[in-house]
Amino acid sequence: MHPKKTLAQLHDTPEDGTFVVYATFNGFVDGEDCWYPACKCHRSVAPDSEAYYCKGCVKNVFQMVPRYRVKINVSDATSVAVFVMFAGDVQNILNLSCSSLVSASKVCSCLLWLLLCIFPYRLLQLPVYYFSVF
Ligand SMILES: [Zn+2]
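Fair warning: this is a prediction, and the values are worked out from it, not measured in the lab.

Visitor: Give me the overall build of the protein: which residues, what numbers.
Guide: For the protein, the count of helices and strands is four helices and nine strands. Along the protein, helices (α) and strands (β) appear in the sequence α-β-β-β-β-β-β-β-β-α-α-α-β when read from the amino end. A burial count over the protein gives 33% of its 134 residues as buried. Partitioning the intrachain contacts of the protein with sequence separation of at least 6 by distance along the chain shows that 56% fall at a separation of at least 24. Accessible surface for the protein amounts to roughly 8800 Å². Of this, 55% is attributable to carbon and sulfur atoms.

Visitor: So what about the coordination of the zinc ion? Which residues, and what values?
Guide: The protein atoms donating to the zinc ion are Cys39 (SG), Cys41 (SG), Cys54 (SG) and Cys57 (SG), with metal-donor distances spanning 2.2 to 2.3 Å. Angles of 102 to 114° at the metal separate the four donor atoms of the zinc ion, which places the site in the tetrahedral class. For the zinc ion, the donor residues sit on a single chain with the sequence spacing C-x1-C-x12-C-x2-C. Highlighted residues: cysteine 41 in the loop between strand S3 (35-38) and strand S4 (45-48) and cysteine 57 in the loop between strand S5 (51-54) and strand S6 (59-61), separated in sequence by 16 residues. The class of cysteine 41 is partly exposed, set by a relative accessible area of 35%.

Visitor: Any chance you could break down the packing of aromatic side chains for me, citing the residues and the numbers?
Guide: Within this structure, the stated rule accounts for one aromatic pair. A centroid spacing of 5.7 Å and a plane angle of 80° characterise the contact between phenylalanine 25 and phenylalanine 28, whose relative ring orientation is edge-to-face. For phenylalanine 28, a relative accessible area of 25% gives the class partly exposed.

Visitor: Report on the side chain of aspartate 76, specifying residues and quantitative values.
Guide: Counting through the fold element by element, aspartate 76 comes out in the loop between strand S7 (65-75) and strand S8 (80-86). Here aspartate 76 is buried and forms no salt bridge, its nearest opposite-charge partner lysine 5 lying at an N-O distance of 12 Å. For aspartate 76, the side chain forms a polar contact with the main-chain nitrogen of leucine 7, separated by 2.8 Å. For aspartate 76, the contacting residues outside a window of four places in its chain are Thr6, Leu7, Tyr22 and Ala23.

Visitor: A description of the pairing of S3 should follow, citing residues and the corresponding values.
Guide: With burial as the criterion, only one face of S3 is covered, namely that bearing Tyr36 and Ala38; the residues Trp35 and Pro37 on the opposite face remain uncovered. In this structure, S3 lies alongside S7, joined through four bridges in antiparallel fashion. For tyrosine 36, the partnering residue across the bridge sits in S7 and is arginine 67.

Visitor: Could you give an account of helix H2 (residues 87-94), naming the residues involved and the relevant values?
Guide: Along H2, the residues that are buried comprise Ala87, Val90, Ile93 and Leu94. An end-on view of H2 places all buried positions within 140° of arc, on one side of the element. Following H2 by one or two positions, asparagine 95 has its phi on the positive side, about 55°.

Criteria and cut-off values
- Residues numbered from 1 in each chain as written.
- Predicted model: local features only at pLDDT ≥ 70, side-chain atom pairs only at ≥ 80, totals over all residues.
- Heavy atoms only, no water.
- Helix = DSSP H or I, 4+ residues; strand = E, 2+ residues; numbered from the N terminus.
- Buried < 20%, exposed > 50% of the residue type's maximum accessible area, 1.4 Å probe, protein only.
- Contact = heavy atoms within 4.5 Å.
- Areas by Shrake-Rupley, 256 points an atom, 1.4 Å probe, with all protein chains shown as cover.
- Donors = N, O, S within 2.8 Å, 3.2 Å for Na, K, Ca; no water.
- Tetrahedral: all angles 85-135°; square planar, octahedral: opposite > 155°, others 65-115°.
- Phe/Tyr/Trp six-rings, centres within 6.5 Å; stacked < 30°, edge-to-face > 60°.
- Lys, Arg positive; Asp, Glu negative; His and termini not counted.
- Salt bridge = Lys/Arg side-chain N within 4 Å of Asp/Glu carboxyl O.
- Polar contact = N/O pair within 3.5 Å; in protein donor to acceptor, adjacent residues only side chain to side chain.
- Pairing = 2+ DSSP bridges.
- Arc of directions from axis to C-beta.

As structure tokens, then:
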């Protein structure tokens, strides 16, 4: 089992690792997209003329894959924090691939918000959720 920490203890922890934190989900971080365009190496890519540029691969790539990156505000009695949830974790909660979500939201942008509204309820159904600290 991973060690338990409060958010204040987590802020003061110098080591990397996985910890158990009991915190309240307070919503999404304002103004942040829930996904990013990624290279097959999982790094984010930037549009570059007819392609994308990947700093990880140091070259232009022609295929972009949308990947989840959801930032959420959490709090406990000791502090507040922003947790970042990535691809597989968000996909498990929403039970929907990021590509499907992005395709659907092109048809109707309200679908994106509808799914993100479902997210907190799906999160609550999980008895324990693990975030890794880097
Ligand atoms: Zn790459």
